[in-house]
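# Examination of the molecular architecture
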Amino acid sequence: MSIENLDFKMNTDLSIDEKLPSGFKSQYFDTLYNLESLHWWFRARNKLIIWAFKKFSPDFKTFMEIGCGTGYVLSAIAKAFPKAEIHGSELFEEGLHFAALRIENANLIQLNATNMKFVEEFDVVGAFDVIEHINEDELVLAGMFDALKPGGYMMLTVPQHPFLWSSADKYWCHVRRYTSTEIHAKVIRAGFDVVKSTSFVSLLLPIMLIQRLKNKNRQDFNGFEELLIHPFLNNVLEYLMAFERSLIRLGLVFSLGGSRLIVAKKPSVK
């Protein structure tokens, strides 16, 4: 396992939030590292992502995750595809520290996702709830397109529906919640062909809507409070997400849902 510094120089004259052009707080990584593997949402999203890999690119050899954070998704992909060459990038050194604890055989680099230099290096690239934090999201999508080999796949998850915007989005430093029209247009402008797009967290959308309306303008909102739920309720919600995932596997496309999964392909060279 290696950690490199690629095309990024720390400015030690500024505070961490000033010097890094990212909508995230590095102090969140410590708590996330301890909670992700227990929480229904992170667990369910991982399983959906792994399904998408097995469905659309089961024989990939190289993968790069943009914004790998603590390495929770990256570690699941590495476990599901032990023969693949796994790469992870993250803007914050703190995230890379935790990712290195999760994954022994991965190449980890510090990288500004708006200024990637990869050219046709990977079979699959992914960004999982990352680009909504970045003002220049189209620069990230263009960089992901360039990083893919012809015929390669991009895997993407984003939060959905502006009507769900609340203090939770502000706490987690989101710049936006997407509409399906917006994210599809940006993916296509980057050069991709969309091959699969569906909402998820759809069966739980009514509960999510009530919660978001309740917290719409809360000034004292703490996002980690939502992650600390009773184990029984956590299991119930995970079972509901498993049922939803089974419907997606059968070909059902959800138009509404708290999040959206997009699988897109870089056209092959003719």
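To be clear, the structure that these remarks concern was listed above.
Residues numbered from 1 in each chain as written. Predicted model: local features only at pLDDT ≥ 70, side-chain atom pairs only at ≥ 80, totals over all residues. Heavy atoms only, no water.

As a further point, take the nonpolar core. Among the nonpolar cores identified, the biggest contains 53 residues, and F53, F63, I77 and M155 are the most heavily contacted of them. With 11 residues, helix α3 (residues 40-56) is the single largest residue contributor to this core. Leaving out residues up to four positions away in the same chain, I77 has contacts with I49, I50, F53, F60, F63, I86 and F128. Within the second largest apolar cluster, 29 residues are counted, among which are M116, L141, L148 and A264. (Core = buried A, V, L, I, M, F, W, Y, C linked by side-chain atoms within 4.5 Å. Buried < 20%, exposed > 50% of the residue type's maximum accessible area, 1.4 Å probe, protein only. Helix = DSSP H or I, 4+ residues; strand = E, 2+ residues; numbered from the N terminus. Contact = heavy atoms within 4.5 Å.)

Among all residues except glycine, the phi angle is most often negative; among peptide bonds, the trans geometry is most common. In the Ramachandran plot, C173 falls in the positive-phi region, its phi being about 65° despite a non-glycine side chain. As for its position among the elements, C173 is in the loop between α7 (167-171) and α8 (180-189). Accessibility expressed as a relative area gives 13% for C173, which makes it buried. At V201, a residue that is not glycine, the phi angle is positive and equals roughly 55°. Counting through the fold element by element, V201 comes out in the loop between β7 (193-200) and α9 (205-214).

Evaluated as defined, the whole model comprises one cavity of 30 Å³ or more. Of the voids in this model, the largest cavity is the one considered here, and its volume is about 40 Å³. Contributing elements (two or more residues each) for the lining of the largest cavity: α3 and α11 (231-249). For the lining of the largest cavity, the element with the most residues is α11, which contributes four residues. Considering only residue class, the lining of the largest cavity consists of five nonpolar, no polar and two charged. (1 Å grid on protein atoms, 1.4 Å probe; cavity = no way out; pocket = protein on both sides within 12 Å on 5 of 7 lines; lining within 4 Å. Points joined across faces, edges and corners; volume = space filled by probe spheres on them. Nonpolar A, V, L, I, M, F, W, Y, C, P; charged D, E, K, R; others polar.)

Orientation of helix α6 (residues 137-147) relative to α8, taken along the N-to-C sense of each, is 45°, at an axis distance of 9 Å. The orientation of α6 relative to α8 falls into the category oblique. Crossing geometry of α6 relative to α8 is assigned as right-handed. The residues of α8 that touch α6, namely those facing D137, E138 and L141, are K186, V187 and R189. Tallied by class, residues from the contact of α6 with α8 come to two nonpolar, no polar and four charged. (Axes fitted to C-alpha atoms, helices over the stretch in contact; angles between N-to-C directions. Parallel < 35°, antiparallel > 145°, perpendicular 65-115°, else oblique. Left-handed = near helix turned anticlockwise from the far one by under 90°.)

It is worth spelling out the packing of α3 against helix α4 (residues 72-80) at this point. The geometry of α3 relative to α4 is characterised by a closest axis approach of 10 Å and an angle of 45° between their N-to-C directions. Considering the angle they form, α3 stands oblique to α4. Note on packing geometry: the crossing formed by α3 with α4 is right-handed. Between α3 and α4, the contacting residues are F42, R43, R45, N46, I49, I50 and F53 on the first element and Y72, V73, A76, I77 and A80 on the second. Each residue belonging to the contact of α3 with α4 can be placed in one class, and the counts come to nine nonpolar, one polar and two charged.

On to α8. Turning to α8, its buried residues number three or more, namely I183, K186 and V187. The arc enclosing the buried residues of α8, seen along the axis, measures out at 100°, which places them on a common side. More than 90 degrees from the buried face of α8, the exposed residues found are T181, I188 and R189. Positive backbone phi, approximately 115°, marks G191, located one or two places after α8. (Arc of directions from axis to C-beta.)

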